[in-house]
Structures are given as structure tokens and as C-alpha cells.
Amino acid sequence: MADTTLKISDETRDRLRTLAEERGLSTRAYVERMVAAIPTEAERAERTAKAIAYVRERFGAELDDDLLREGRAWRQAIVERRVGSRR
């Protein structure tokens, strides 16, 4: 395993340390866990393709390009917090 140094603000470093300690982890283990949990764009694309294939095969749904584009736009709106609300 290689060691890498990241230049971050003191506030961010302290926050990472606090978050890790709250979970009973070292800062390194916390960062590794956090990064492993976030899929890359390629991984997301692969998951999406598998999900679309599953829906088409199991439910016979016709998912045309317009519908898929609409779904991606809706997801992006959620990510950007333009739709939905927190309760």
C-alpha cells in the first residue's frame, strides 16, 4: 500500500478525524471506506446498463432513448437538489 499526502485545510482534516473517530475508525480507514462507497462514472454507467437490461427482460418495459434521457435528467435534478424535499 502506498502512502499519499493530500493538502487539505486544517478544518477539513479535523472534520475527517472527528467523523472517523465517531465511527471507531482511523482517518485513513474512514477515507478509504468513503471513497470505496462512491462509484466512478464507468461503474455507474455499468450499473445503469444492467438495470435497464433487467427491467426490459423481466418486465417487458419499452425504455426508449427519450424516456432514459428524462430519467437521467430527473436523477440529476435530485442530485442538484432542484427537486424533492427533506422532511
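Residues numbered from 1 in each chain as written. Predicted model: local features only at pLDDT ≥ 70, side-chain atom pairs only at ≥ 80, totals over all residues. Heavy atoms only, no water.

J.: Got a minute to help me understand the packing of aromatic side chains in this structure?
T.: Aromatic ring pairs: the centre-centre distance and the angle between the two ring planes describe each pair. Inspection of the entire model under this criterion finds one aromatic pair. Measuring from centroid to centroid gives 6.3 Å for Y54 and F59, while their planes differ by 75°, and the two rings are edge-to-face. (Phe/Tyr/Trp six-rings, centres within 6.5 Å; stacked < 30°, edge-to-face > 60°.)

J.: Teacher, can you tell me more about helix α1 (residues 10-22) here?
T.: Since one α-helical turn is 3.6 residues long, residues separated by three or four positions face the same way. The terminal C-alpha atoms of α1 lie 18 Å apart, and with 13 residues this matches the ideal 18 Å at 1.5 Å per residue to within 8%. Among the residues of α1, those classed as buried are L16, L19 and A20. Down the axis of α1, the smallest arc covering the buried residues is 100°, so these residues share one side. Among the exposed residues of α1, those oriented more than 90 degrees off its buried face are E11, R15, E21 and E22. Buried positions along α1 lie against α2 (27-36). Just downstream of α1, G24 is the residue with a positive phi angle, here 70°. (Helix = DSSP H or I, 4+ residues; strand = E, 2+ residues; numbered from the N terminus. Expected span 1.5 Å × (residues − 1). Buried < 20%, exposed > 50% of the residue type's maximum accessible area, 1.4 Å probe, protein only. Arc of directions from axis to C-beta. Contact = heavy atoms within 4.5 Å.)

J.: Whenever I open this one, the packing of α1 against α2 confuses me. Can you help?
T.: If you want to describe how two helices pack, look at the angle between their axes and the distance between the axes. It is at 8 Å that the axes of α1 and α2 come closest, and there the two elements cross at 90°. It follows from the interaxial angle that α1 and α2 lie roughly perpendicular. Between α1 and α2, the residues in contact are L16, R17, L19 and A20 and T27, Y30, V31 and M34, respectively. Broken down by class, the residue content of the contact of α1 with α2 amounts to six nonpolar, one polar and one charged. (Axes fitted to C-alpha atoms, helices over the stretch in contact; angles between N-to-C directions. Parallel < 35°, antiparallel > 145°, perpendicular 65-115°, else oblique. Nonpolar A, V, L, I, M, F, W, Y, C, P; charged D, E, K, R; others polar.)

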